[in-house]
Amino acid sequence: MAGIIVKPRARIFHGHEWVYAADILKTFGNPEPGGIVSLKDFKDRPMGTGIYNPRSQIVARRFSRHKEELDEDFFVRRLRRAWSRREKMRGLDPKLCRVVWSESDGLPGVVIDRYGPHFVLQTLTMAMDLRKQLIVDAIVEVFSAESVVERNDNSIRLAEDMEMVTGVLHGAVPGPFRVSTDYGSFLIDVTGGQKTGIYLDQLDNYRDAATRAEGKRVLDCFCNQGGFAIAAAKAGAAQVTAVDVSESAIEQARANAEEQGVADRITFVVANVFDYLKDQETAGTQFDMIILDPPSFTRNKKSVPDALRGYKEIHLRALKMLPAGGILSSYCCSHHVSTGEFRAIIAEAAVDAKKTLCLLAFHQQRQDHPILTGVPETEYLRGYTYELLAAF
Ligand code: SAH
């Protein structure tokens, strides 16, 4: 097998699974882009097997500490292992979850979401993309999947020199269908929906919002299919407003609310949240609970300062509309914005708004998106709930 000799002090010696171009002492045996490589340390000791793509900044990603082939048997074993972890996760419906989360499940670049008998696959690394059919065969074998759809329209693929594509890989295209959870029912449109159906990573956080919403005037900003808004309305919120810039998202949110019998208590607004908050602040509107769950404002390190300015603006405006005792729940799904930076921005917004915030709770991506301590990139969603205190 072709391979790579890794320089001393590379990240892979410190718990990470990636080898950057700068970490390579030399390659041997002429590895193929999208092929597999044997990884060795500078004393020629074996360190396992990785996937290889010299066109990516991350030239190799280790997927095994052993000598391993990427054949169907390998994928079946990895899927079974990921599945048995999901089955043991407390409170998780394993039929509606992220079944594979990349490095966290020993499959770098592979993301698989399950909606009952339907599966949505992303192959974000070249080696995994080349073995897409093996992965589909393994999904069918392990889960008796009715359909597997690829949603490879993620721009991360461009970094691996791959195109963005979507399509059906197994079975027939399932038309839009509904899935039910404790906190609402959602429309899944695996080929047409935004992202890959619904935001599975947030499902538990709807429950948290619901526990705080009773009797409150709630504002759900960046509501998408209305997960927070509907959970709040079902939990007895006095009034709920849900805002999203996407007309189709609002349409789905409204249909979901109707299905749950709470549409009459939710006002749906198609608007840019930045404009909406500004207008409502000027109008003197007040809410008792505001949820901010924006998309990632940055896809790279370079634009972090712009992203932080955006985060600051929405927090500042939201804080001005909360009375004492009001609740602010704020989420950040941008990996490039650190937890420290995000919390510092909220603290700064509170200073500028002359408000005192007290931290009530931490939130994170649901447990079916497991986080590896050695691979910080596996963690991306953080959230905080604050109470706005009356001035002392
Ligand atoms: N809270 C949602 C997920 C939000 S995803 C849930 O739990 O399901 C981010 C959403 O923000 C998307 O639906 C997108 O359409 C919307 N969005 C992006 N930019 C926006 C803007 N400037 N104003 C309003 N909505 C925006």
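Along every chain, residues carry numbers that run from 1 in the direction the sequence is written. Only residues with pLDDT of 70 or above have their local features reported here, since the model is predicted, and side-chain atom pairs are shown and tallied only from 80 upward, although totals for entire chains, interfaces and linings are computed over all residues. Derived side-chain values reflect all non-hydrogen atoms in the structure, with water molecules and hydrogen atoms excluded from consideration.

A few words on the sheet that holds strand β3 (residues 24–28). Taking strand neighbours across the sheet as the criterion, the six strands line up as β2-β6-β5-β4-β1-β3 in an open arrangement whose pairing is mixed. Of all strands in the sheet, those bounded by a partner on one side alone are β2 (18–20) and β3. Adjacent strand axes in the sheet meet at a mean angle of 30° when their direction is disregarded. The pairing criterion is simple: DSSP has to find at least two bridges between the two strands. Helix and strand assignments follow DSSP, with helices taken as H or I runs no shorter than four residues and strands as E runs no shorter than two, numbered in order from the N terminus. Relative to strand β5 (residues 46–52), strand β4 (residues 36–40) is paired through five bridges, and the arrangement is antiparallel. Looking at β5, one finds that Ile36 is bridged to Ile51. Every axis corresponds to a line fitted to the C-alpha atoms, with the helix fit spanning only the stretch in contact, and the corresponding angles, defined between N-to-C directions, vary from 0 to 180 degrees.

This next bit is on the pairing of strand β7 (residues 96–101). Each regular strand shows side chains that alternate between the opposite faces of the sheet. With a 1.4 Å probe rolled over the protein chains alone, any residue whose accessible area is under 20% of its type maximum counts as buried; one over 50% counts as exposed, and the rest are partly exposed. Of all six residues that make up β7, six are buried, and the element is covered over most of its length. In this sheet, strand β8 (residues 110–115) lies alongside β7 in antiparallel orientation, the contact comprising five bridges. In the sheet register, Val100 faces β8, and the bridge partner there is Ile112.

So, about the domain arrangement of the chain. As far as domains go, the chain holds domain 1 (3–64), domain 2 (72–174) and domain 3 (185–389). With 21 residues of domain 2 at the contact, the number on the domain 3 side is 25 residues. Counting the surface lost from both domain 2 and domain 3, the interface buries some 1900 Å², and carbon and sulfur atoms represent 60% of this. Area buried by domain 2 at its contact with domain 3 is led by Trp101, Tyr115 and Arg151, which between them contribute 33% of it. Pairing of N or O atoms within 3.5 Å defines a polar contact, subject to two protein rules: one partner must be a possible hydrogen donor and the other a possible acceptor, and residues neighboring in sequence count only if both atoms are side-chain atoms. In this structure, the connection of domain 2 to domain 3 is made through nine residue pairs in polar contact (both at pLDDT 80 or more). Per-element accounting of the side of domain 2 that touches domain 3 gives the leading share, four residues, to β7. Per the annotation, domain bounds derive from an automatic or database assignment of domains. Any two residues having at least one pair of non-hydrogen atoms within 4.5 Å are treated as being in contact. For any pair of parts, buried area is found by adding up, for both, the accessible area (1.4 Å probe) each one loses once the two are put together.

Of note in this structure, Ser144 is not a glycine but carries a positive phi near 50°. Its place among the elements puts Ser144 in the loop between α3 (132–143) and β10 (147–152). Residue Ser144 is classed as exposed on the basis of its relative accessible area, which comes to 58%. The phi dihedral of Phe222 is positive, around 65°, even though this residue is not glycine. Locating Phe222 in the fold gives a position in the loop between β14 (217–221) and α5 (227–234). Among the residues examined, Phe222 registers a relative accessible area of 16% and is labelled buried.

Spatially, the seven strands line up as an open sheet ordered β16-β15-β14-β17-β18-β20-β19, and their pairing is mixed. Looking at which strands have only one partner, the edges of the open sheet turn out to be β16 (266–270) and β19 (356–364). Averaged over neighbouring strand pairs, the angle between their axes works out to 15° when direction is ignored. As paired elements, β14 and strand β15 (residues 239–244) share five bridges and run parallel to each other. Bridge assignment links Cys221 to a residue of β15, and that residue is Val243. Running over the sheet, α5 touches β14, β15, β16, β17 (289–292) and β18 (327–332) and is turned about 175° from β15.

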